[in-house]
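Per-entry structural report
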Amino acid sequence: MTALPLDAELPWLRPAQEAFTASLAAGRLGHALLVQASPGQGGEWLATWIAARMFCRKPAAPCGACLDCRRVVAGEQPDLLTLRPIEDSKEIRIDQVRELAAELALTAHGGGRKVAILAPAERLNRNAANALLKTLEEPPGDALLLLVTGEPWRLPVTVQSRCTRLRSRVPSDDESVAWLQAQRPGSSAVDWRAALAVLGPQPLAALAVDAAGLAGLQRDTERALQDAMTGGLDVVETAERWGKDEYALRVACIERWIAERLREWGRGKRGVAAPALFEALDHAREARQWAETPVNKPLAMERILWRLATLAAAARR
Ligand SMILES: [Zn+2]
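Residues numbered from 1 in each chain as written. Predicted model: local features only at pLDDT ≥ 70, side-chain atom pairs only at ≥ 80, totals over all residues. Heavy atoms only, no water.

1. Observations concerning the coordination of the zinc ion
Distances from the zinc ion to its protein donors, namely Cys 56 (SG), Cys 63 (SG), Cys 66 (SG) and Cys 69 (SG), fall within the range 2.3 to 2.4 Å. Coordination at the zinc ion is tetrahedral: its four donor atoms span angles of 103 to 116° at the metal. Between consecutive donors of the zinc ion, the numbers of intervening residues give the motif C-x6-C-x2-C-x2-C. You can call Cys 63 partly exposed: its relative accessible area is 30%. (Donors = N, O, S within 2.8 Å, 3.2 Å for Na, K, Ca; no water. Tetrahedral: all angles 85-135°; square planar, octahedral: opposite > 155°, others 65-115°. Buried < 20%, exposed > 50% of the residue type's maximum accessible area, 1.4 Å probe, protein only.)

2. Brief notes about the packing of helix α2 (residues 43–55) against helix α3 (residues 67–74)
Each pair of packed helices can be summarised by the angle the axes make with each other and by the distance between the axes. The interhelical angle for the contact between α2 and α3, taken along N-to-C directions, is 150°, at an axis separation of 9 Å. As judged from the angle between their axes, α2 and α3 are roughly antiparallel. Our pair here, α2 against α3, has a crossing hand that is right-handed. Contact residues: α2 offers Thr 48, Ala 51, Ala 52 and Phe 55, while α3 offers Asp 68, Cys 69 and Val 72. (Axes fitted to C-alpha atoms, helices over the stretch in contact; angles between N-to-C directions. Helix = DSSP H or I, 4+ residues; strand = E, 2+ residues; numbered from the N terminus. Parallel < 35°, antiparallel > 145°, perpendicular 65-115°, else oblique. Left-handed = near helix turned anticlockwise from the far one by under 90°. Contact = heavy atoms within 4.5 Å.)

3. With respect to the domain arrangement of the chain
When cut into domains, the chain gives domain 1 (11–167) and domain 2 (210–316). Placing a centre on the C-alpha atoms of domain 1 and another on those of domain 2 gives a separation of 37 Å. (Domains from an automatic or database assignment.)

4. Some remarks on unusual backbone geometry
A cis amide bond links Ala 61 to the next residue, Pro 62, at an omega of -5°. We note that Asp 142 has phi near 60°; this positive angle belongs to a residue other than glycine. On the secondary structure map, Asp 142 appears in the loop between α5 (126–137) and β4 (144–149). Overall, Asp 142 belongs to the partly exposed group, its relative accessible area being 40%.

5. Some points on α3
Turning to α3, its buried residues number three or more, namely Asp 68, Cys 69 and Val 72. Down the axis of α3, the sector holding all buried residues measures 100°, keeping them to one side. On its buried face, α3 is in contact with α2 and β2 (80–83). Gly 75 sits one or two positions beyond α3 and adopts a positive phi of about 75°. (Arc of directions from axis to C-beta.)

6. Some thoughts on the sheet that holds strand β5 (residues 164–167)
What the five strands build is an open sheet, ordered β2-β3-β4-β1-β5; its pairing is parallel. Edge positions in the sheet fall to β2 and β5, since each has one partner strand and no second. Adjacent strand axes in the sheet meet at a mean angle of 20° when their direction is disregarded. Examined bridge by bridge, β2 and strand β3 (residues 115–118) share four bridges and lie parallel to one another. Residue pairing in the sheet places Thr 82 in a bridge with Ile 117 of β3. The strands touched by helix α4 (residues 94–105) are β2, β3 and β4; relative to β2, the strand with the most contacts, the crossing angle is about 175°. (Pairing = 2+ DSSP bridges.)

7. Here we look at the environment of Cys 63
Within the fold, Cys 63 resides in the loop between α2 and α3. Taking the C-alpha atoms as reference points, Cys 63 and Ala 52, eleven residues apart in sequence, are found 8.4 Å from one another. Setting aside its immediate chain neighbours within four residues, Cys 63 contacts Cys 56, Lys 58 and Cys 69.

8. Focus: the side chain of Ser 176
Checked against the element boundaries, Ser 176 lands in helix α7 (residues 173–183). Ser 176 has contacts with Pro 171, Leu 196 and Pro 203, leaving out every residue within four places of it along the chain.

9. Details of the packing of aromatic side chains
The full count for this structure, using the stated rule, is two aromatic pairs. Note on Trp 12 and Trp 179: the rings are 5.4 Å apart at their centroids and 80° apart in plane angle, and the pair reads as edge-to-face. Of this pair, Trp 12 sits in the segment before α1 (14–25) while Trp 179 sits in helix α7, and the two are 167 residues apart along the sequence. With a relative accessible area of 0%, Trp 12 lands in the buried category. Plain terms: the ring middles of Phe 20 and Trp 49 are 6.3 Å apart, the flat faces sit at 75° to each other, and that makes the pair edge-to-face. (Phe/Tyr/Trp six-rings, centres within 6.5 Å; stacked < 30°, edge-to-face > 60°.)

10. Notes on the environment of Pro 156
Within the secondary structure, Pro 156 sits in the loop between β4 and α6 (157–160). Residues Pro 156 and Asn 125, 31 residues apart in the sequence, show an inter-C-alpha distance of 9.8 Å.

In structure tokens:
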């Protein structure tokens, strides 16, 4: 998602960029920044931009063209370290944090400050977060740590309190659509609004998906949910399939669909009891939290679908 060039315009991140530049100019930059933007809103792009700002020596830094900038973008800047979750565990682990601390203690190749990006920071497991505390307080060699997260509340308070917050705002739908159309000229036929409805306010995530395919997935999911409500859905088979491919997107479609039923209920359309819908919505929200965990996905799907099927059956009686 950091394939965007350093001079990309992401209007909703501009205040954060300006705040960073002002802190840097005033010498008020701390050791650790909590970059509050999800990857789909450009959090990692912003961290990369900050890193380039630190390494680029041109007056209009980051210029995007010099060797320092190009190295940052290519992931080849030796003084820039990046911590990501380990593939299988989906976590950032204590040995990674220890390795980082050891790396930061070595002299910077370029003679300046080292920079470390941790993304997404909410994936630090508890031991890793504890091990990070000392580094956050006094990073060896005056390093700058950038913790990127769209969900800062999932980080331990001890970690949050040791970071300076760099807040960004959430882009509006209109802003996101305008931005997406500018990124993909000739995409006027693409229903970006539908993609954002499924993905949430995450324009970079929308840019990365096949919007047409997403619309198809949404229609398919909604059809199946209607079938579940009339007792005509093979729940086990569907849950098995949805648990395997496109789990997160299916859950997003389900959440959106239930929320829409609740709005209908609010407008006076009866049929299904609202408490049951709220319960199904809770299941779906819980299921969303499991997207990046080893939890049994087909089982999680089955729970939601059975809830919808039984509540519909109860309403028919
Ligand atoms: Zn540069």
